[in-house]
Amino acid sequence: MRLTEFTLLIEDQFGTARGAALVNDHVLAVLGGRTPAQAIEAGVDPRDVWRALCADFDVPRDQW
């Protein structure tokens, strides 16, 4: 998944402001206790970050 697609999915699911806050502030335990931004910067595939966020926020599986 490209970073632009990740960003669009975040904005569509959580809204622009809340999505930006989640990417920068929400800690994902399954990704080593990093925020989504930190995980992506460390080389984690944005698809894996997206799935981790979806799991944490109970996004319906069909929207992953």
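Residues numbered from 1 in each chain as written. Predicted model: local features only at pLDDT ≥ 70, side-chain atom pairs only at ≥ 80, totals over all residues. Heavy atoms only, no water.

1. Quick word on the environment of Thr4
Checked against the element boundaries, Thr4 lands in helix H1 (residues 3-14). Of the residues examined, Thr4 reaches a relative accessible area of 57% and is grouped as exposed. In the structure, Thr4 is positioned 42 residues away from Pro46 in sequence and 9.5 Å away in space, judged by C-alpha atoms. (Helix = DSSP H or I, 4+ residues; strand = E, 2+ residues; numbered from the N terminus. Buried < 20%, exposed > 50% of the residue type's maximum accessible area, 1.4 Å probe, protein only.)

2. Regarding the side chain of Thr35
Checked against the element boundaries, Thr35 lands in the loop between helix H2 (16-25) and helix H3 (36-41). By relative accessible area, Thr35 is classed as buried at 7%. If near-sequence neighbours (up to four positions away) are discounted, Thr35 is found in contact with Val23, Asn24, Asp25, His26 and Val27. (Contact = heavy atoms within 4.5 Å.)

3. A short note on the nonpolar core
Within the largest apolar cluster, 16 residues are counted, with the highest numbers of intra-cluster contacts made by Phe6, Ile10, Phe14, Leu28, Leu31, Val49 and Trp50. By residue number, the principal contributor to this core is helix H4 (residues 46-56), which donates five residues. In this view, Leu28 contacts Gly33, Arg34, Pro36, Val49, Ala52, Leu53 and Asp56; residues no more than four positions away in its chain are not counted. (Core = buried A, V, L, I, M, F, W, Y, C linked by side-chain atoms within 4.5 Å.)

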